[in-house]
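# Overview (structure and organization)
In case you want the letters, here they are:
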Amino acid sequence: MLIKNLTLTNFRNYESCSFSPEPGINLIVGENAQGKTNLLEALFFCCFGRSHRTSREKELIAYEAPFSLIRLESERTGTDHELIVRLSREEGRKIKSDGLPLARIGELMGLLNCVLFAPEHLSIVKDGPAERRRFLDMELSQTYPAYFFLLQQYQRALRQRNMLLKSLREQPELRATLPVWNQQLASLGWKLMRYREVFCARLSSLSSQNHADISGGREQLTVQYHPDCPAQDESSLLHLIEEGQQEDLRRLTSTHGPHRDEMALNLDGREIRAFGSQGQQRTAALAIKLSELDLIRSETGEWPILMLDDVMSELDERRQKYLLERILPVQTLVTTTTTGTDWPRARRFEVFSGQIQSMD
Ligand SMILES: Nc1ncnc2c1ncn2[C@@H]1O[C@H](COP(=O)(O)OP(=O)(O)OP(=O)(O)O)[C@@H](O)[C@H]1O
Ligand SMILES: [Mg+2]
């Protein structure tokens, strides 16, 4: 897919801007706090219906302005599309795709695909399981919109079950309804688990190949799905959830299920989070991010948009070179604070105080 134009009105520090990237590599150069990440954030919002930096949408509206507009022109399988996002302080969020209003955010999933790589993505490798679950959920949602709907239903059922557990002290008679929620968690959870298992297996083989290419094949990166409830089917998942019920009743929360799953990242069988050096962690994160490009391509038939925010300076020459080769067929937006980056094929843009201009 291809981004043809992104027009922003009162979005963060952009009062009014129009950005038309090239199909290849687009280098976005600017000093700190000029609006480089804001530009990527707008595009990210068009893909996922939320910011990668904040859950408070109003922060995206320019100070003092009543609303903000993002208009994105893209091309997918040879057809032009238009997406309009309106964020208003009074009326919240409204999204239109090709002129039609979207009733639910889930309808946005899969319309546009993007992969963002920013320094904070090291958290996938460094932080706890919640970060990796978030990664899994986001990638699966943008590739399979059905997954997003399942996830929403599961989360709703989980919230209901947790609320029920908390209210049992005062209303013990409600305990009779617990099996309904156990069944819901098991049936929705089992479907989520199937998606996650297949995804992790594919991610593992792609990431391990990427990693070998980047690092010269000295170590092996593996991605393994570690479900919290290692069930064989829906009924054995139900059984495991029922087995945990005593503990749930004690702790007043759902202690077992896919909401506790883990995706283990190992280097030669050892957990990277615990034993990897900074450089090893960075290389693993890059290998995983690049695999997302391949996964999305093979599922949707098209390359997603790649956004690299401030990561080039952290990569050594060998990794930069590898990255450059890999992203050749992919429309890429790269932000950097230095004009010195030697990228002969890149189209260059300068961002200064909420304005973007072509430098060529
Ligand atoms: N809602 C808003 N309205 C107006 N300006 C905003 C808003 N939110 C953030 N800003 C401004 O946007 C600027 C930050 O932009 P951004 O994060 O895109 O910078 P950057 O170019 O990526 O910088 P760096 O190189 O430091 O990452 C800051 O000056 C900030 O004050
Ligand atoms: Mg930035």
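Residues numbered from 1 in each chain as written. Chains lettered and ligands numbered in written order. Predicted model: local features only at pLDDT ≥ 70, side-chain atom pairs only at ≥ 80, totals over all residues. Heavy atoms only, no water.

## Here's the deal with the site of ligand 1
- In the neighbourhood of ligand 1, 16 residues make up the surrounding shell, with Asn32, Ala33, Lys36, Thr37 and Asn38 lying closest.
- When ligand 1 sits alone it has 660 Å² of accessible area, and the protein chains cover 76% of it.
- Looking at the shell around ligand 1 residue by residue, the class counts come to four nonpolar, seven polar and five charged. (Near = heavy atom within 4 Å. Areas by Shrake-Rupley, 256 points an atom, 1.4 Å probe, with all protein chains shown as cover. Nonpolar A, V, L, I, M, F, W, Y, C, P; charged D, E, K, R; others polar.)

## A look at the sheet that holds strand β14 (residues 347–352)
- A sheet is described by the order of its strands in space; here six strands give the open sequence β8-β12-β13-β3-β14-β15, paired in mixed fashion. The sheet is open, and its two edges are formed by β8 (114–117) and β15 (355–358), each paired on a single side. Along the sheet, successive strands turn relative to each other by an average axial angle of 20 degrees, direction set aside.
- As defined by bridge partners, β8 adjoins strand β12 (residues 305–309) across four bridges and the pair is classed as parallel. Pairing of Cys114 across the sheet is with Ile305, part of β12.
- Running at roughly 145 degrees to β12, helix α1 (residues 36–48) makes contact with β3 (25–29), β8, β12, β13 (332–336), β14 and β15 of the sheet. (Pairing = 2+ DSSP bridges. Helix = DSSP H or I, 4+ residues; strand = E, 2+ residues; numbered from the N terminus. Axes fitted to C-alpha atoms, helices over the stretch in contact; angles between N-to-C directions. Contact = heavy atoms within 4.5 Å.)

## Examining the packing of aromatic side chains
- Throughout the structure, instances matching the rule amount to five aromatic pairs.
- Geometrically, the ring pair formed by Phe148 and Phe149 is edge-to-face, given 6.2 Å between the ring centres and 70 degrees between the ring planes.
- Given a relative accessible area of 13%, Phe148 falls into the buried group.
- Taken together, the aromatic side chains of Tyr144, Tyr147 and Tyr195 make up a single cluster linked through ring pairs.
- Above the ring of Phe67, the side-chain terminus of Arg86 is found at 4.3 Å from the ring centroid. (Phe/Tyr/Trp six-rings, centres within 6.5 Å; stacked < 30°, edge-to-face > 60°. Buried < 20%, exposed > 50% of the residue type's maximum accessible area, 1.4 Å probe, protein only. Lys NZ or Arg CZ within 6 Å of the ring centre and 35° of its normal.)

## Looking at the pattern of salt bridges
- Enumeration over the complete set of coordinates arrives at 24 salt bridges.
- For the salt bridge of Asp80 with Lys4, the shortest nitrogen-to-oxygen distance reads 2.9 Å. Of this pair, Asp80 sits in strand β5 (residues 79–88) while Lys4 sits in strand β1 (residues 2–11), and the two are 76 residues apart along the sequence.
- One salt bridge in this structure joins Arg273 and Glu271, with 3.5 Å as the shortest N-O distance.
- Take Glu271: its relative accessible area is 32%, and that puts it in the partly exposed class.
- Each of Lys4, Glu75 and Asp80 takes part in salt bridges that share partners, so that together they form one network. (Salt bridge = Lys/Arg side-chain N within 4 Å of Asp/Glu carboxyl O.)

Any functional reading would require information that these geometric values do not contain.
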